[in-house]
2 protein chains.
Amino acid sequence: MAAPIEFYFDFSSPYGYLGSTRIEALAAKFGRETTWRPILLGLVFQVTGGRPLPELPLKGEYARRDMARFARLWNVPFREPSKFPIPTQAPARAYYWIADRDPALAKRLAQALYRAYMAEDRDISSPDITAEVAAEVGVDRGAVRAALADPAVKARPRAETGLALEKGVIGSPFVILDGEPFWGADRFDQVERWLATGGW
Amino acid sequence: MAAPIEFYFDFSSPYGYLGSTRIEALAAKFGRETTWRPILLGLVFQVTGGRPLPELPLKGEYARRDMARFARLWNVPFREPSKFPIPTQAPARAYYWIADRDPALAKRLAQALYRAYMAEDRDISSPDITAEVAAEVGVDRGAVRAALADPAVKARPRAETGLALEKGVIGSPFVILDGEPFWGADRFDQVERWLATGGW
């Protein structure tokens with residue numbers, strides 16, 4: 001059986017959010033599984049010299065327009081968050097804590113967290129908000145709060161980001177499909193073509 | 001009549017090259033004209049804080065793979081130039097010098113220059129090579145060499161880049177369609193959709 005398609009994203013990345021709304025259907029269309037891997041883009045930027053989009057002169061303005069336009073094109077509910085970007089340790093920690101026991105539930109949590117931040121302007125960098133969103137998908141809020149204080153849980157996103165960097169992951173979203181890397185929601189059409197043809 | 005579609009590019013940009021192979025057919029499909037505007041990406045980077053792709057850790061490696069894969073997907077002849085990036089004053093100057101008198105010829109020159117650099121590994125940063133390529137599309141080589149030494153011709157690409165920056169042009173290729181900006185060969189599908197629908 002083919003290896004799962006690896007889907008990397010940062011919870012503060014609008015393009016990652018866009019990717020998250022399509023990756024499951026795309027994989028399912030070709031009978032493939034996925035693994036979702038939240039990363040901390042700030043750590044990636046330390047290696048690549050990247051910077052958050054809003055800090056970039058002119059590019060920031062363009063990106064704001066582009067991401068809203070892209071979301072409209074894909075019919076994805078999007079409202080530019082009033083605080084952007086945000087640190088994403090809390091949602092990433094909650095994700096991995098659940099993913100180890102129930103990957104499908106963890107994906108539902110990731111989708112709910114993205115929606116909360118990108119469509120409802122809820123600040124998921126707060127452990128309280130992350131726990132609240134977790135409760136909305138059926139996870140005990142107190143258990144999430146306790147897990148978020150656990151040293152092993154706290155260390156996980158950083159470790160996962162290190163593993164991702166070793167695989168060449170340099171942005172969000174980032175897909176690795178049978179060893180082939182694709183960066184950006186704007187490469188999803190190429191991911192689909194690659195799935196359909198086996199590469200070119 | 002609708003305004004021409006503005007197509008901005010740097011002669012050292014592989015993604016700009018990709019865009020140059022499609023923009024004319026795309027515009028023609030919707031009965032639209034184009035204006036081509038070479039820019040100097042180095043001057044843009046001074047404003048946006050950007051850097052040439054090969055200088056970026058990890059991103060450079062990814063970009064090399066992505067541009068070659070993208071070119072194969074579009075069936076565009078591409079061989080990574082042995083010298084990359086290059087300064088593009090010479091080809092940009094030759095372009096504008098001709099464009100003022102014969103825009104159609106200038107586009108043919110731009111296409112020939114791109115092909116020479118991106119498919120045949122000829123170093124078009126050299127005024128000699130630029131003049132040689134110009135001769136291949138029917139422009140007198142000696143006249144090109146003389147023009148490239150003219151102070152007004154020499155100043156033109158810098159001035160055009162300044163005008164482009166004022167319009168928010170921050171990369172290559174960059175399309176402005178009825179006031180709407182699109183950055184990247186990977187936005188050409190959106191450009192086409194915008195042309196077909198009038199926007200969304």
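What counts as what
- Residues numbered from 1 in each chain as written.
- Chains lettered and ligands numbered in written order.
- Predicted model: local features only at pLDDT ≥ 70, side-chain atom pairs only at ≥ 80, totals over all residues.
- Axes fitted to C-alpha atoms, helices over the stretch in contact; angles between N-to-C directions.
- Helix = DSSP H or I, 4+ residues; strand = E, 2+ residues; numbered from the N terminus.
- Parallel < 35°, antiparallel > 145°, perpendicular 65-115°, else oblique.
- Left-handed = near helix turned anticlockwise from the far one by under 90°.
- Contact = placed C-beta atoms within 7 Å.
- Nonpolar A, V, L, I, M, F, W, Y, C, P; charged D, E, K, R; others polar.
- pLDDT = per-residue confidence, 0-100.
- Pairing = 2+ DSSP bridges.
- Least-squares fit on C-alpha atoms with pLDDT ≥ 70 in both.
- Buried ≥ 20, exposed ≤ 12 C-beta atoms within 10 Å, placed from the backbone.
- Arc of directions from axis to C-beta.

A short note on the packing of helix α5 (residues 89-99) of chain A against helix α7 (residues 127-136) of chain A
Residues and elements named next belong to chain A.
And step 1. Taken N-terminus to C-terminus, the directions of α5 and α7 make an angle of 40°; their axes are 8 Å apart at the nearest point. Considering the angle they form, α5 stands oblique to α7. In the crossing of α5 with α7, the sense of the turn from one axis to the other is right-handed. Residue-level inspection shows Ala 90, Pro 91 and Ala 94 of α5 in contact with α7, the latter providing Pro 127, Thr 130 and Ala 134.
And step 2. Looking at side-chain class alone, the contact of α5 with α7 contains five nonpolar, one polar and no charged residues.

Some words on the confidence of the model for chain A
And step 1. Averaged over chain A, the pLDDT score is 97; the fraction of residues at 70 or greater is 100%.
And step 2. Predicted complex metrics record ipTM = 0.94 and pTM = 0.96.

Some thoughts on the sheet that holds strand β2 (residues 34-38) of chain A
All names here are of chain A.
And step 1. The sheet built from four strands is open, its strands ordered β2-β1-β3-β4 with mixed pairing. Looking at strand neighbours, the two that pair on one side only are β2 and β4 (180-183), the edges of this open sheet. Neighbour to neighbour, the strand axes of the sheet diverge by 20° on average, direction disregarded.
And step 2. With three bridges joining them, strand β1 (residues 5-9) and strand β3 (residues 174-177) adopt antiparallel strand pairing. Within the sheet, the bridge partner assigned to Phe 7 lies in β3 and is Val 175.

Section: the relation of the copies chain B and chain A
And step 1. Each copy of the sequence occupies a distinct position, and chain B is placed on chain A by a rotation of 180° and an axial shift of 0.0 Å, giving an RMSD of 0.0 Å. This pairing of chains is accounted for by a two-fold axis. Measuring from the rotation axis to each C-alpha of chain B, the shortest distance belongs to Asp186(B), at 3.2 Å.
And step 2. Interface residue correspondence from chain B to chain A reaches 100%, placing this contact among same-surface, isologous pairings.

Some points on the sheet that holds strand β2 (residues 34-38) of chain B
Residue and element names in this part refer to chain B.
And step 1. Strands sit in the order β2-β1-β3-β4 across an open sheet of four strands; the sheet is mixed. Among the strands making up the open sheet, the edge pair consists of β2 and β4 (180-183). Across the sheet, the mean angle from the axis of one strand to that of its neighbour is 20°, orientation sign disregarded.
And step 2. Two strands pair when backbone bridges link them, and strand β1 (residues 5-9) and β2 are joined in this way by five bridges, in the parallel orientation. Residue pairing in the sheet places Tyr 8 in a bridge with Arg 37 of β2.

Quick notes on helix α10 (residues 188-197) of chain A
And step 1. Of all the positions in α10(A), only Gln190(A), Val191(A) and Trp194(A) are classed as buried. Seen along its axis, α10(A) keeps its buried residues to an arc of 105°; they face one direction.
And step 2. Residues of α10(A) that are buried make contact with α2 (23-29), β3 and β4 of chain A together with α4 (59-73) of chain B.

With respect to the interface of chain B and chain A
Frequently, the measure chosen for interface size is the accessible area that the parts lose on association.
And step 1. Chain B puts 18 residues into the contact, and the matching count from chain A is 18 residues.
And step 2. Contributing elements (two or more residues each) for the side of chain B that touches chain A: α3 (41-48), α4 and β4 of chain B.
And step 3. No other element matches α4(B), which puts five residues into the side of chain B that touches chain A.
And step 4. Each residue belonging to the side of chain B that touches chain A can be placed in one class, and the counts come to ten nonpolar, four polar and four charged.

A word on the pairing of β4(A)
Residue and element names in this part refer to chain A.
And step 1. Across four bridges, the pairing between β3 and β4 is antiparallel. Paired with Leu 177 across the strands is Glu 180, a residue of β4.
And step 2. The hairpin turn running from β3 into β4, its antiparallel successor, is two residues long, and Asp 178 in that turn takes a positive phi close to 50°.

Let's talk about the environment of Val139(B)
All names here are of chain B.
And step 1. Inspection of the secondary structure puts Val 139 in the loop between α7 (127-136) and α8 (141-148).
And step 2. For Val 139, a count of 22 C-beta atoms within 10 Å translates into the label buried.
And step 3. Sequence spacing of Val 139 and Leu 109 is 30 residues, and the spatial spacing of their C-alpha atoms is 8.9 Å.
And step 4. Setting aside anything within four residues of it in sequence, one finds Val 139 in contact with Ile 98, Leu 109, Ala 134 and Val 144.

Side note on the environment of Glu180(A)
All names here are of chain A.
And step 1. Take Glu 180: it is sitting in strand β4.
And step 2. On the basis of neighbour counts, which here come to 13 C-beta atoms within 10 Å, the residue Glu 180 falls in the partly exposed class.
And step 3. Considering only alpha carbons, one finds Glu 180 and Trp 200, 20 residues apart in sequence, at a separation of 11 Å.
And step 4. The residues touching Glu 180, leaving out its near neighbours within four places in the chain, are Trp 194 and Gly 199.

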